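# Summary of structural features
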Amino acid sequence: AQKVTQAQTEISVVEKEDVTLDCVYETRDTTYYLFWYKQPPSGELVFLIRRNSFDEQNEISGRYSWNFQKSTSSFNFTITASQVVDSAVYFCALSEETILKTSYDKVIFGPGTSLSVIP
Amino acid sequence: DVKVTQSSRYLVKRTGEKVFLECVQDMDHENMFWYRQDPGLGLRLIYFSYDVKMKEKGDIPEGYSVSREKKERFSLILESASTNQTSMYLCASSLLGNQETQYFGPGTRLLVL
């Protein structure tokens, strides 16, 4: 069965600190996809990144970076030099590939990590 | 940019009222979804649709129905609102296949009194 664990419920950091949000997943498929979303206080989930299971290359986008390690089933997200605008709930999600359009195996969202960046 | 809009950001209704939540996407996506989000329970899928007039139940369909008459529009209907349906409702859309990224609307915070 699929499962996504985000063990950190809440994290507080002081502005300009680096912070890593952990995501551990479980799946029996060899082909799967991992996502990160950001939900600021306004409520809208904003897509940050998608990674497929065959691409273990780490990715950097500005102050954001992602570390995908299949050996430990983890897809961790690091914010460098955090800012107050980074305060949000961050969700990690997992899905498996579908072939039939009617065969929808839902995307599994983790419980989220609430990040507070203190000025 | 993908744009998913929802008809209301905030809604207050009374118990027993029929409630319509509308969602529109402008990216010609086949899939559309309705989730509810509650503290401690995360995101739970209510219904999804992969084509016009097609729908599939998610995890918690009881008390809800949906309608998809046009590709860009997906409506969530609470036939007789109850206080336990007070929640944040999120609509999303994606291309076919659940490996595709889901793009979310701003959400509707519904309060049922």
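Attention in this report is confined to the structure presented alongside it. Note that the coordinates shown come from a computational prediction; the quantities given were computed from them, not determined experimentally. (Residues numbered from 1 in each chain as written. Chains lettered and ligands numbered in written order. Predicted model: local features only at pLDDT ≥ 70, side-chain atom pairs only at ≥ 80, totals over all residues. Heavy atoms only, no water.)

A few words on the packing of aromatic side chains. For any pair of aromatic rings, the description consists of the separation of the ring centres together with the inter-plane angle of the planes. This model, assessed by the stated rule, comprises 20 aromatic pairs over all chains. Summarising the aromatic geometry, the rings of Y37 of chain A and F104 of chain B are spaced 5.4 Å apart at their centres and angled 85 degrees between planes, so their arrangement reads as edge-to-face. With Y37 of chain A in strand 5 (residues 32-39) and F104 of chain B in strand 10 (residues 103-104), this pair bridges two chains. Given the relative accessible area of 1%, Y37 of chain A is considered buried. Ring centres of Y64 of chain A and F77 of chain A lie 5.1 Å apart, and the angle between their planes is 90 degrees; this geometry places the pair in the edge-to-face category. Here the residue Y64 of chain A occupies a position in strand 8 (residues 64-69), and F77 of chain A occupies one in strand 9 (residues 74-79), the gap between them amounting to 13 residues. Here Y64 of chain A matches F77 of chain A in class, with each residue buried. Through successive ring pairs, a cluster of aromatic residues spans F35, Y37, F47 and F109 of chain A together with F33, Y35, F48, Y50, Y103 and F104 of chain B. (Phe/Tyr/Trp six-rings, centres within 6.5 Å; stacked < 30°, edge-to-face > 60°. Helix = DSSP H or I, 4+ residues; strand = E, 2+ residues; numbered from the N terminus. Buried < 20%, exposed > 50% of the residue type's maximum accessible area, 1.4 Å probe, protein only.)

On to the interface of chain B and chain A, then. Chain B puts 24 residues into the contact, and the matching count from chain A is 23 residues. Across the chain B to chain A interface the summed buried area is about 2,000 Å²; carbon plus sulfur atoms make up 54%. The tally of links from chain B across to chain A stands at 1 salt bridge. Among the salt bridges present, the one from R50 of chain A reaches E100 of chain B, with a minimum N-O distance of 3.9 Å. For the side of chain B that touches chain A, the elements supplying multiple residues, two or more each, are strand 4 (31-38), strand 5 (42-49), strand 9 (87-94) and strand 10 of chain B. Along the lines of polarity and charge, the residues of the side of chain B that touches chain A split into 12 nonpolar, 7 polar and 5 charged. (Contact = heavy atoms within 4.5 Å. Buried area = accessible area lost by both parts, 1.4 Å probe. Salt bridge = Lys/Arg side-chain N within 4 Å of Asp/Glu carboxyl O. Nonpolar A, V, L, I, M, F, W, Y, C, P; charged D, E, K, R; others polar.)

Looking now at the side chain of Q39 of chain A. Looking at the secondary structure, you find Q39 of chain A in strand 5. Judged by relative accessible area, Q39 of chain A falls into the buried class, the value being 8%. Among residues more than four places away in sequence, those in contact with Q39 of chain A are E44, L45, A88, V89 and F91 of chain A together with Q37 and L90 of chain B.

Ranked by internal contacts, the top residues of the largest apolar core, which has 24 residues, are W36, F77, Y90 and L115 of chain A. At the level of elements, strand 2 (10-14), strand 3 (19-21), strand 5, strand 8, strand 9, strand 10 (88-96) and strand 12 (113-118) of chain A are the ones that each hand at least two residues to this core. A total of 4 residues in this core trace back to one element, the largest contributor, which is strand 10 of chain A. Every residue in contact with Y90 of chain A, bar those within four places of it in the chain, is listed here: Q6, L21, W36, Y37, K38, L48, Y64, F77, I79, G112, T113 and L115 of chain A. Within the second largest apolar cluster, 20 residues are counted, among which are C23, Y47, I60 and L78 of chain B. (Core = buried A, V, L, I, M, F, W, Y, C linked by side-chain atoms within 4.5 Å.)

Let's shift gears to unusual backbone geometry. Positive phi, normally seen in glycine, also occurs at K16 of chain A, with a value near 85 degrees. Inspection of the secondary structure assignment puts K16 of chain A in the loop between strand 2 and strand 3. The class of K16 of chain A is exposed, set by a relative accessible area of 68%. A positive phi is found at D28 of chain B, a non-glycine position, where the angle reads about 60 degrees. For D28 of chain B, the location among the structural elements is in the loop between strand 3 (19-25) and strand 4.

The quantities given are spatial measurements derived from coordinates; they are silent on function.
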